[in-house]
Amino acid sequence: MFFTYETAYFSDVLILIAIIMGFMLFLLTISVLYFVIVLRRKICITEDGIMLYSGLGKIIREYRYAEYSHVFHKITFIYANVNASGFDRTSECLVLYRDMELYEGMEYRDYWNDKNILIIQNPEAIAEVEKYIS
């Protein structure tokens, strides 16, 4: 079987397209898994505290109201790691914390995975938690 320059070039292009499509499928799969495992965290609010679950239903942390202080505090949310002031958003959040001092200008990204603090921005979740901590 003989290959001409045109057929070899065409097969190289097809192989390159297949590799790129495979890589894009890999990135899409990783993105979906990241969304399910990390970003779809759920909370369960009870009389005693708050349980934080992963997207797969595994318990990540438990916050008992008796072990944590609570306060409303302004927290800055910076989206997509953009430091421009046009993308900053400050919100009044309910903060459950222990063994730390809160300060002005706190940013969510510095504490999103800290065991000593839970920052709640969702108004419905705040209303539910207030029933038990008031």
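For the structure given in this document, a descriptive report is provided here. (Residues numbered from 1 in each chain as written. Predicted model: local features only at pLDDT ≥ 70, side-chain atom pairs only at ≥ 80, totals over all residues. Heavy atoms only, no water.)

1. Observations regarding the side chain of S54
- With respect to the secondary-structure elements, S54 resides in the loop between β2 (49-53) and β3 (59-64).
- Among the residues examined, S54 registers a relative accessible area of 10% and is labelled buried.
- The residues contacting S54, other than those within four sequence positions of it, are I37, R40, R41 and I60. (Helix = DSSP H or I, 4+ residues; strand = E, 2+ residues; numbered from the N terminus. Buried < 20%, exposed > 50% of the residue type's maximum accessible area, 1.4 Å probe, protein only. Contact = heavy atoms within 4.5 Å.)

2. Some points on the sheet that holds β2
- Spatial ordering of the open sheet is given by β1-β2-β3, a layout of 3 strands whose pairing is antiparallel. Because the sheet does not close on itself, it has two edges, and the strands there are β1 (42-45) and β3. The sheet shows a mean angle of 15° between the axes of neighbouring strands, taken without regard to direction.
- Relative to β3, β2 runs antiparallel, the two being bridged by 5 bridges. Residue pairing for β3: Y53 is matched across the bridge by I59.
- Contacts from helix α2 (residues 123-133) reach β1 and β2, with the element oriented near 30° to β1. (Pairing = 2+ DSSP bridges. Axes fitted to C-alpha atoms, helices over the stretch in contact; angles between N-to-C directions.)

3. A closer look at the side chain of S91
- In this structure, S91 sits in strand β5 (residues 88-97).
- With sequence-adjacent residues up to four places away left out, S91 is seen in contact with H73, K74, I75, F77 and Q121.

4. Thoughts on a nonpolar patch on the surface
- Residues Y9, F10, V13, L14, L16, I17, I20, M21 and M24 make up a contiguous nonpolar surface patch of roughly 900 Å² in combined accessible area.
- Here L16 shows up in helix α1 (residues 5-39). (Patch = residues over 30% accessible without salt bridge, like charges linked within 9 Å, V, L, I, M, F, W, Y side chains within 5 Å. Areas by Shrake-Rupley, 256 points an atom, 1.4 Å probe, with all protein chains shown as cover. Salt bridge = Lys/Arg side-chain N within 4 Å of Asp/Glu carboxyl O.)

5. Some points on the pattern of salt bridges
- Here the structure, examined in full by the defined rule, presents 5 salt bridges.
- Residue E62 is joined to R64 by a salt bridge in which the shortest nitrogen-to-oxygen separation is 2.5 Å.
- When the shortest N-O distance is used, the salt bridge between E128 and K131 registers 3.2 Å. With a gap of 3 residues between them, E128 and K131 both fall in helix α2, about one helical turn apart.
- Classification of K131 as exposed rests on a relative accessible area of 59%.
- Put simply, D48, E62 and R64 are held in one network by salt bridges that share partners.

6. Topic: α2
- Among all positions of α2, only A125, I126, V129 and I133 are buried. Summarising the axial view, the buried residues of α2 lie within an arc of 95°, below the 170-degree limit, and thus occupy one face. In α2, the exposed positions angled more than 90 degrees off the buried face are occupied by P123, E124 and K131.
- For α2, the side-chain oxygen to backbone nitrogen distance between the N-cap and E124 is 2.8 Å, and the N-cap itself is N122. (Arc of directions from axis to C-beta. Polar contact = N/O pair within 3.5 Å; in protein donor to acceptor, adjacent residues only side chain to side chain.)

7. Details of unusual backbone geometry
- A positive phi is found at D99, a non-glycine position, where the angle reads about 55°.
- Mapped onto the fold, D99 is located in the loop between β5 and β6 (106-107).
- Judged by relative accessible area, D99 falls into the exposed class, the value being 70%.

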